[in-house]
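Residues per chain, in single letters:
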Amino acid sequence: PVLLRHPAVVVDVAVVAPEAVPLAEVEAAVRRGAGELLDGLRWFDEFRGAQLPEGHRSLGFRLRLQDPERQLTDADAEAVLAGVGAAVAAVGAALRG
């Protein structure tokens, strides 16, 4: 194992996706969008309710971001979120804000 000097950054995101889009497809989009800083991804929640559009559910993911060479910044996390937003949009989903 490699000892990393820089701590990971953990970011939770909620993705609103149509029921017809499988969880695995949304998760793959999140992975693609997060890019090379993604060190771990875990799906932890699925929510349906009146706050969401008909035929949609909210999926919660925890992203663990890390770079072995440097400490990540808020700007790095924001860039990852922008990438995730674009990637999930390609499968008909959106970040829940």
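See the structure printed just above.
Residues numbered from 1 in each chain as written. Predicted model: local features only at pLDDT ≥ 70, side-chain atom pairs only at ≥ 80, totals over all residues. Heavy atoms only, no water.

Q: How should I be thinking about the pairing of strand β1 (residues 9-18) in this particular structure?
A: Consecutive residues of a regular strand have side chains that alternate between opposite faces of the sheet. Pairing of β1 with strand β3 (residues 56-65), which is carried by 10 bridges, proceeds in the antiparallel orientation. Considered in β3, the bridge of Val11 is made with Leu63. For β1 and strand β4 (residues 94-95), the ladder comprises 2 bridges, and the chain directions are antiparallel. Across the sheet, residue Val15 finds its bridge partner in β4, namely Leu95. (Pairing = 2+ DSSP bridges. Helix = DSSP H or I, 4+ residues; strand = E, 2+ residues; numbered from the N terminus.)

Q: What am I meant to see in the packing of aromatic side chains here?
A: Both the distance between ring centres and the angle between the ring planes are used here to describe each pair of aromatic rings. Taken as a whole, this structure holds 0 aromatic pairs when the rule is applied. One Lys or Arg, Arg62, reaches over the ring of Phe44 and ends 5.2 Å from the middle of that ring. (Phe/Tyr/Trp six-rings, centres within 6.5 Å; stacked < 30°, edge-to-face > 60°. Lys NZ or Arg CZ within 6 Å of the ring centre and 35° of its normal.)

Q: Explain the environment of Ala17 here, please?
A: Along the chain, the position of Ala17 falls in strand β1. For Ala17, a relative accessible area of 0% translates into the label buried. Counting along the chain gives 19 residues from Ala17 to Glu36, while the straight-line C-alpha distance between them is 24 Å. If sequence neighbours within four positions are ignored, Ala17 has contacts with Val26, Gly55, His56, Arg57, Leu59 and Ala93. (Buried < 20%, exposed > 50% of the residue type's maximum accessible area, 1.4 Å probe, protein only. Contact = heavy atoms within 4.5 Å.)

Q: Would you mind going over the sheet that holds β3 with me for this structure?
A: Ordered in space as β2-β3-β1-β4, the 4 strands form an open sheet in which the pairing is antiparallel. Looking at strand neighbours, the two that pair on one side only are β2 (38-47) and β4, the edges of this open sheet. Against the sheet, helix α1 (residues 23-34) contacts β1, β2 and β3, and its axis sits at roughly 40 degrees relative to β3. (Axes fitted to C-alpha atoms, helices over the stretch in contact; angles between N-to-C directions.)

Q: Is there a simple way to explain the packing of α1 against helix α2 (residues 74-89) in this structure?
A: A pair of packed helices is characterised by two quantities: the angle between their axes and the separation of those axes. Put simply, α1 and α2 touch, their axes get as near as 7 Å, and they point 140 degrees apart. Looking at the two axes, α1 sits oblique to α2. Between α1 and α2 lies a crossing whose hand is right-handed. Here Ala29, Val30, Gly33 and Ala34 of α1 come into contact with α2, specifically with Val80, Gly83, Val84, Ala87 and Val88. (Parallel < 35°, antiparallel > 145°, perpendicular 65-115°, else oblique. Left-handed = near helix turned anticlockwise from the far one by under 90°.)

Q: Even after reading the chapter, I still don't get α2, so can you show me in this structure?
A: An α-helical segment advances 3.6 residues per turn. Residues three or four places apart therefore align on the same side. Taking 1.5 Å per residue, 16 residues should reach 22 Å; α2 reaches 22 Å between its end C-alpha atoms and fits that length. Within α2, burial applies to Asp76, Ala77, Val80, Val84, Ala87 and Val88. Buried residues of α2 fall within an arc of 100 degrees about the axis and therefore sit on the same side. α2 presents Asp74, Glu78, Ala82 and Ala86 as exposed residues on the side facing more than 90 degrees away from its buried surface. Buried residues belonging to α2 abut β1, α1, β3 and β4. (Expected span 1.5 Å × (residues − 1). Arc of directions from axis to C-beta.)

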